[in-house]
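For reference, the chains in residue letters:
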Amino acid sequence: MTNLDGARVVLGVTGGIAAYKAIEICRRLVDAGAHVVPILTEGAEHFVGRTTFDALASEKVQSTLWDETSPIPHTLLGQTADLIIVAPATARLLADYRMGRSDDLLTATLIATRAPVMIAPAMHTEMWEHPAVQDNLTVLRDRGVHVVDPEPGRLAGGDIGFGRLAAPRSVVAHAERVLASGDLSGTHVVITAGGTREAIDPVRVISNRSTGKQGYALAEAAWMRGADVTLISTVDRESPIGCTVVSVESASQMQDAVMAVADADIIVMAAAVADFRPASPAGEKIKKGAGEVPEILLEKTHDFLVDLGQQKPNGQVLVGFAAETENLLENARGKLERKNLDLIVANDVSAPDAGFAHDTNKVTLVLGSGEEIDVPLGSKRVVADAIFDAVVGVRGTFP
Ligand code: CTP
């Protein structure tokens, strides 16, 4: 189930080469459960055919204000929409929309709606950077229009630059976000993910079994609920849409990256940070040599979650994880208090289908108030949302 399930979405397509990608956007919206009503401008019909959209969308293409069967199609479309998306949006569409012009069905529908509007511009780099275009975007953003920025890449005519339409999966994810609760909007959320790697020598490391799946699911969930997300990660997975990813390897690199954003509104330390590291990593690869087995002396890493707990700014929600194989709740409660956390996620990593590397998890949330919330076995994304439900509850208790 997605936020688009059952939503009535008007998909406006304007005349740019990226119009061909609107076909995939249409398909993905329908797959996500949306009822998609396509509007093609005259320009769009130079690039893509009506038949394609007729076949893929939930209703036939509309493109004129002068439809005999529906004398006022723009008000009907505008009034009944839950969301209007324009993808791709040309420079001309931005200018018309900014000025309130309504000389075709799409612009008239945009003026005749109270539904949220999301536009995904696409144009050549020179046009994108033109002050008139940027000025129009600023005005539209100020009016509450959601803008999915274009990406760098190949443009029409073989040029390479900024201005390419955002990827269809990104446009659809942004649409879902517009329709989501937004209960974390305006917040900066920092999430750590994965197990740290501590060097023995330039080729060998000590690490743990964490794969970062729960941390990435937390990042996706926080972004979807409206947050600005910084994901500090040790793993090489596809970046979650909309998140700023900072790649690190060791506990001390993770510490530096987290401390640089320690004023965030919410910090979730989902990473499995090493407790020990080789005291003096070798500068060169340790050779097998004459068969001597090296002894690796370990030292403790610094527990920077303790630092975060001590310097916690007013109103910040600090969340830790306790990955345990025994005495789950007792250990978790101890860490909650010792590290001055607001919430700890008690994770029995030896339970079936839960913990490291699994796609599912089962946790107990222990709150500073003493309350305990059992989250049953579910996908890591569902568990992530349960964690943020609890975080939103904790935030609500702050003065
Ligand atoms: N943590 C941290 N820095 C460390 C070690 C842990 O910030 N050097 C954080 C983890 O990200 C996690 C929480 O502290 O959110 C608990 O980590 P865990 O390893 O379970 O607990 P420890 O305090 O190391 O206790 P123990 O070794 O007794 O399990």
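Since this is a predicted model, take the numbers as computed values, not measurements. The residue count restarts for each chain, going from 1 along the sequence in the order it is written. Reporting in this predicted model follows two pLDDT cut-offs: at least 70 for local features of residues, and 80 or more for side-chain atom pairs to be given and counted; totals over whole chains, interfaces and linings ignore these cut-offs and use all residues. Hydrogen atoms and water are omitted, and side-chain values are computed over all heavy atoms in the structure.

## So, the site of the ligand
Next up, step 1: Residues are labelled near a given molecule or strand when at least one of their non-hydrogen atoms is within 4 Å of it. In the region of the ligand, 16 residues are neighbours, and Met-269, Ala-271, Phe-321, Lys-335 and Lys-339 sit closest.
Next up, step 2: Any N or O atom pair separated by 3.5 Å or less is treated as a polar contact, with the protein-specific requirement of one donor-capable and one acceptor-capable atom, and with residues adjacent in sequence counted only for side-chain atom pairs. Separating an oxygen atom of the ligand from a backbone N or O atom of Met-269 is a distance of 2.8 Å.
Next up, step 3: Here an oxygen atom of the ligand and a backbone polar atom of Leu-305 are 3.3 Å apart.
Next up, step 4: Surface exposure here means Shrake-Rupley accessible area, sampled with a 1.4 Å probe, where a residue is shielded only by the protein chains that are shown. Expressed as a share of its isolated accessible area of 580 Å², the protein-covered part of the ligand is 78%.
Next up, step 5: Considering each element in turn, the shell around the ligand owes the most residues, four residues, to strand β16 (residues 317-324).
Next up, step 6: For the shell around the ligand, the class distribution of residues is nine nonpolar, three polar and four charged. Each helix corresponds to a stretch of at least 4 residues labelled H or I by DSSP, and each strand to a stretch of at least 2 residues labelled E; elements are numbered beginning at the N terminus. Gly falls in the polar group here, along with every residue not listed as nonpolar (Ala, Val, Leu, Ile, Met, Phe, Trp, Tyr, Cys, Pro) or charged (Asp, Glu, Lys, Arg).

## Topic: the sheet that holds strand β17 (residues 343-348)
Next up, step 1: DSSP bridges decide pairing: two strands pair if at least two such bridges lie between them. Strand order in the open sheet made by the eight strands is β12-β11-β8-β13-β16-β17-β18-β19, with mixed pairing throughout. Whereas interior strands pair on both sides, the edge strands pair on one side only; in this sheet they are β12 (244-247) and β19 (372-379). Ignoring which end each strand starts from, the neighbouring axes of this sheet average 20 degrees apart.
Next up, step 2: Where strand β8 (residues 188-193) meets strand β11 (residues 228-233), six bridges bridge the pair, whose relative direction is parallel. Orientation is described by lines fitted to C-alpha atoms, with helices fitted over the stretch in contact, and by angles between N-to-C directions that extend from 0 to 180 degrees.

## Some words on the sheet that holds strand β4 (residues 117-121)
Next up, step 1: Spatially, the five strands line up as an open sheet ordered β2-β1-β3-β4-β5, and their pairing is parallel. Of all the strands in the sheet, just β2 (35-40) and β5 (146-147) have a single pairing partner and so form its edges.
Next up, step 2: Strand direction decides the pairing type here: strand β1 (residues 8-13) and β2, joined by six bridges, are parallel. When the bridges of β2 are listed, Val-13 appears paired with Leu-40.

## Things to note about the pairing of β17
Next up, step 1: Most of β17 is tucked away, with five of its six residues classed as buried.
Next up, step 2: Sheet topology note: the β16/β17 ladder contains six bridges and is parallel. Within the sheet, the bridge partner assigned to Val-319 lies in β17 and is Leu-343.
Next up, step 3: The pairing of β17 with strand β18 (residues 360-367) spans five bridges and is antiparallel. Opposite Ile-344, over in β18, you have Val-366 as the bridge partner. Only protein chains enter the accessibility calculation, which uses a 1.4 Å probe. A residue is then buried if its area is under 20% of the maximum for its type, exposed if over 50%, and partly exposed in between.

Keep in mind these numbers describe shape, not what the thing actually does.
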